[in-house]
Amino acid sequence: MTISEEQKNKLSVKLPDWAVKPHPTKTNMSAIHPMAVIDRLNEVFGIGGWSFQTEFISCEPRMQKIKQGTDERLVYDSAVKGRLIIGDIIIEQFGGSTNDDKGDALKGGGTDALTKIASYLGIGAEIYKGHGNVDAGAPPEAKAPTAPVRR
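Because the structure is a prediction, the values reported are computed rather than measured.

Draft legend 1. Examining the pattern of salt bridges more closely. Tallied over the entire structure, the rule returns 11 salt bridges. Here Lys14 ties to Asp17 by a salt bridge, and the two come within 3.2 Å at their closest N and O atoms. Overall, the relative accessible area of 57% leaves Asp17 in the exposed class. A salt bridge links Arg40 to Glu43; the nearest nitrogen and oxygen atoms lie 3.4 Å apart. With Arg40 and Glu43 both in helix H2 (residues 34-45), this residue pair falls three residues apart, about one helical turn. A residue is classified by how much of its surface remains accessible, and Arg40, at 6% relative accessible area, is buried.

Below is the structure:
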């Protein structure tokens, strides 16, 4: 199986505005809502036309200092390997997450892997490139303006 040009174009369409938010801990980055990725995969490949699997790597407890204090709380740092399967196409990537609930840490790691894999297909790729949430297939004048270069 190969991905058609029509599918490539559909994958790279601008995500809905609700799908992109500032990253909760990394102020210079954005986060893509995983439901937007799932919606896009369903739109392009159909429900049941793709699957996602995760493989447990680790989920280790540790004590994390609470901001502006000396108290600590128990959190879990997870690492998982995600695998997106579309026909005979398989794309793998690692993901990780920290959460005070072990199950949520593991799910977050899977979500992290899925959104990264989705960028390989063009879903949200312009965001990862630092261009903002724009339609990669749109004519240049329709894309978000870039900052002027100062000399």
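Draft legend 2. Quick look at the pairing of strand E3 (residues 51-65). The pairing of E3 with strand E4 (residues 72-86) spans 14 bridges and is antiparallel. Each residue of the ladder has a partner; that of Glu60, found in E4, is Asp77.

Draft legend 3. Broad picture of the layout of surface pockets. By volume, the largest pocket amounts to about 890 Å³. His23, Pro24, Ala31, Gly96 and Asp112 are the residues nearest the centre of the largest pocket, which is lined by 25 residues in total. Every element with two or more residues in the lining of the largest pocket is listed here: strand E2 (30-32), strand E5 (89-99), helix H3 (102-120) and helix H4 (125-128). The dominant element in the lining of the largest pocket, judged by the number of residues it contributes, is H3, at six residues.

Draft legend 4. Expanded view of the sheet that holds E3. Pairing is antiparallel in the open sheet, where three strands are placed in the order E3-E4-E5. Looking at which strands have only one partner, the edges of the open sheet turn out to be E3 and E5. Averaged over neighbouring strand pairs, the angle between their axes works out to 10° when direction is ignored. Along the sheet, H3 makes contact with E3, E4 and E5, crossing E5 at roughly 140°.

Draft legend 5. Representation of the nonpolar core in the model. By size, the foremost hydrophobic cluster in this structure holds 22 residues, and its most contacted members are Leu15, Leu41, Phe45, Leu84 and Leu121. Counting residues per element, the ones that place at least two in this core are H2, E4, E5 and H3. When residues of this core are assigned to their parent elements, the largest contribution, five residues, is made by H2. In contact with Phe45, other than residues within four places in its own chain, are Met1, Ile3, Gln7, Leu11, Trp50 and Ile86.

Reading the values: rules and limits
- Residues numbered from 1 in each chain as written.
- Predicted model: local features only at pLDDT ≥ 70, side-chain atom pairs only at ≥ 80, totals over all residues.
- Heavy atoms only, no water.
- Salt bridge = Lys/Arg side-chain N within 4 Å of Asp/Glu carboxyl O.
- Buried < 20%, exposed > 50% of the residue type's maximum accessible area, 1.4 Å probe, protein only.
- Helix = DSSP H or I, 4+ residues; strand = E, 2+ residues; numbered from the N terminus.
- Pairing = 2+ DSSP bridges.
- 1 Å grid on protein atoms, 1.4 Å probe; cavity = no way out; pocket = protein on both sides within 12 Å on 5 of 7 lines; lining within 4 Å.
- Points joined across faces, edges and corners; volume = space filled by probe spheres on them.
- Axes fitted to C-alpha atoms, helices over the stretch in contact; angles between N-to-C directions.
- Contact = heavy atoms within 4.5 Å.
- Core = buried A, V, L, I, M, F, W, Y, C linked by side-chain atoms within 4.5 Å.

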